[in-house]
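Chain by chain, the residues run as shown.
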Amino acid sequence: MTSHRLPRLSASTVSVLVLVGAISAALAIRIGWPFSNVVGDGSVWFREMDGWYHMRLVDRLLANFPHTTPFDPFSFYPHGIEPPFHPLTRWLIALGAMVAGGRTPAPETVDLVGALYPAILGTLTLVPAFVIARRLAGPLAAAIAAIVLATMPGEFLSRSLFGFTDHHMTEAFFSTVTLLFLLLAAQAATEQPVTVSHGLRLRVLASRRTIVYSIAAGISLGLYLVGWRGGLMLLAI
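Read on for an overview of the structure. Predicted model, so just to flag it, every value in this text is computed and none were measured.

Each helix and strand in the chain was counted, giving 11 helices and 4 strands. Considering only C-alpha atoms, the chain reaches an extent of 75 × 65 × 35 Å along its principal axes. Residue burial in the chain is summarised as follows: out of 237 residues, 40% are buried. Sequence separation of 24 or more characterises 67% of the internal contacts of the chain that already satisfy a separation of 6 or more. For the chain, the centre of its 16 positive side-chain charges and the centre of its 12 negative side-chain charges are spaced 19 Å apart.

Structure below.
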């Protein structure tokens with residue numbers, strides 16, 4: 001009788017399967033668990049006061065697209081203020097609502113996209129964190145990183161829950177992506193480094209991957225700074 005053995009999966013393949021499972025668990029925890037507390041009777045109830053303010057800025061952006069709100073007369077009455085949040089979060093929510101509902105999406109669509117935003121972006125953060133851990137310490141560390149980030153209680157989980165519409169997941173995602181591309185650029189540069197010679201004259205001897213990763217790091221850093229003014233702290237690192 002011939003026995004059929006199952007093919008042995010490599011550690012790299014298993015870690016990717018763990019990542020897929022962690023992403024599924026992260027979405028279930030962040031969306032399925034709090035869903036009934038956020039959506040009810042056709043309305044979306046955001047989890048904290050900043051979420052309502054962010055969504056008002058999104059509504060004004062959609063009503064005056066593509067112009068953002070340079071001055072908010074309804075805050076700090078009777079003086080008004082410049083909105084304290086950088087615009088990337090409202091841009092991403094507004095574009096998501098337009099993809100889901102057309103040029104003039106219904107208010108219900110806008111609110112639902114806004115409520116989904118932190119959960120989706122928080123879950124996507126697992127991917128660059130996984131790659132960073134895999135590059136630095138191997139597939140086992142990458143799998144552990146994905147599981148921990150998907151399920152660990154704390155500020156990352158609470159601020160990435162469905163309905164916690166704020167700029168915090170914009171920070172987490174783009175700062176992690178920036179660090180990932182910096183790591184990839186540094187590792188690629190070990191193959192063919194960039195050298196400086198003749199005083200301040202730069203001799204570009206870098207591989208193409210180093211240049212591409214460096215440009216990608218700069219773009220993601222720029223998006224991070226457009227998402228949060230406190231992102232300047234990453235420049236110190």
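Let us look at a nonpolar patch on the surface. A surface patch of nonpolar side chains, amounting to about 380 Å² of accessible area, comprises L140, I144, V148 and M152. Mapping V148 onto the fold places it in helix α7 (residues 139-151). With relative accessibility at 36%, the residue V148 sits in the partly exposed group.

Mapped onto the elements, E48 comes out in the loop between β2 (43-44) and α3 (49-63). Buried within the structure, E48 lacks any salt-bridge partner; R159 is the closest side chain of opposite charge, at an N-O distance of 6.3 Å. A polar side-chain atom of E48 sits 3.2 Å from the main-chain amide nitrogen of D50. Sequence-distant contacts of E48, that is, excluding residues within four places in its chain, are made with F164, T165 and D166.

Relative to the 26 Å expected for 18 residues at 1.5 Å per residue, helix α5 (residues 107-124) spans 25 Å between its end C-alpha atoms, a close match to the ideal helical length. Maximal helix bending in α5 amounts to about 35 degrees, located at Y117; proline P118 follows within four positions. Within the span of α5, buried status applies to V110, V113, G114, A115, Y117, P118, A119, L121, G122 and T123.

Mapped onto the fold, T178 is located in helix α9 (residues 168-189). According to the relative accessible area criterion, T178 is buried, its value standing at 2%. Polar side-chain contacts of T178 include one of 3.3 Å to the backbone nitrogen of L221. What T178 contacts, discounting residues up to four positions off in sequence, is A217, S220, L221 and L234.

Bringing the pattern of salt bridges into the picture now. Applying the stated criterion across every chain yields a total of 3 salt bridges. The closest approach of N and O atoms between D72 and R56, which form a salt bridge, is 2.8 Å. Taken together, the residues span a long stretch of sequence, with D72 in the loop between α3 and α4 (88-101) and R56 in helix α3 at a distance of 16 residues. Under the relative-accessibility criterion, D72 is labelled buried at 0%. Residue R159 pairs with E155 through a salt bridge whose shortest N-O separation is 2.6 Å. Of the two residues, R159 and E155 are both situated in helix α8 (residues 155-159); the distance of 4 residues between them amounts to about one turn of the helix.

For α3, built from 15 residues, the straight-helix expectation of 21 Å at 1.5 Å per residue is met to within 8% by its first-to-last C-alpha distance of 22 Å. Within the sequence span of α3, burial applies to G51, Y53, H54, M55, L57, V58, L61 and L62. Turning to α3, the residues buried within the fold contact α4 and α5. Its side-chain oxygen 3.2 Å from the backbone nitrogen of D50, E48 forms the N-cap of α3.

Criteria and thresholds
- Residues numbered from 1 in each chain as written.
- Predicted model: local features only at pLDDT ≥ 70, side-chain atom pairs only at ≥ 80, totals over all residues.
- Heavy atoms only, no water.
- Helix = DSSP H or I, 4+ residues; strand = E, 2+ residues; numbered from the N terminus.
- Buried < 20%, exposed > 50% of the residue type's maximum accessible area, 1.4 Å probe, protein only.
- Contact = heavy atoms within 4.5 Å.
- Lys, Arg positive; Asp, Glu negative; His and termini not counted.
- Charge placed at Lys NZ, Arg CZ, Asp CG, Glu CD.
- Patch = residues over 30% accessible without salt bridge, like charges linked within 9 Å, V, L, I, M, F, W, Y side chains within 5 Å.
- Areas by Shrake-Rupley, 256 points an atom, 1.4 Å probe, with all protein chains shown as cover.
- Salt bridge = Lys/Arg side-chain N within 4 Å of Asp/Glu carboxyl O.
- Polar contact = N/O pair within 3.5 Å; in protein donor to acceptor, adjacent residues only side chain to side chain.
- Expected span 1.5 Å × (residues − 1).
- Bend = angle between axes of the 7 residues up to and from the residue.

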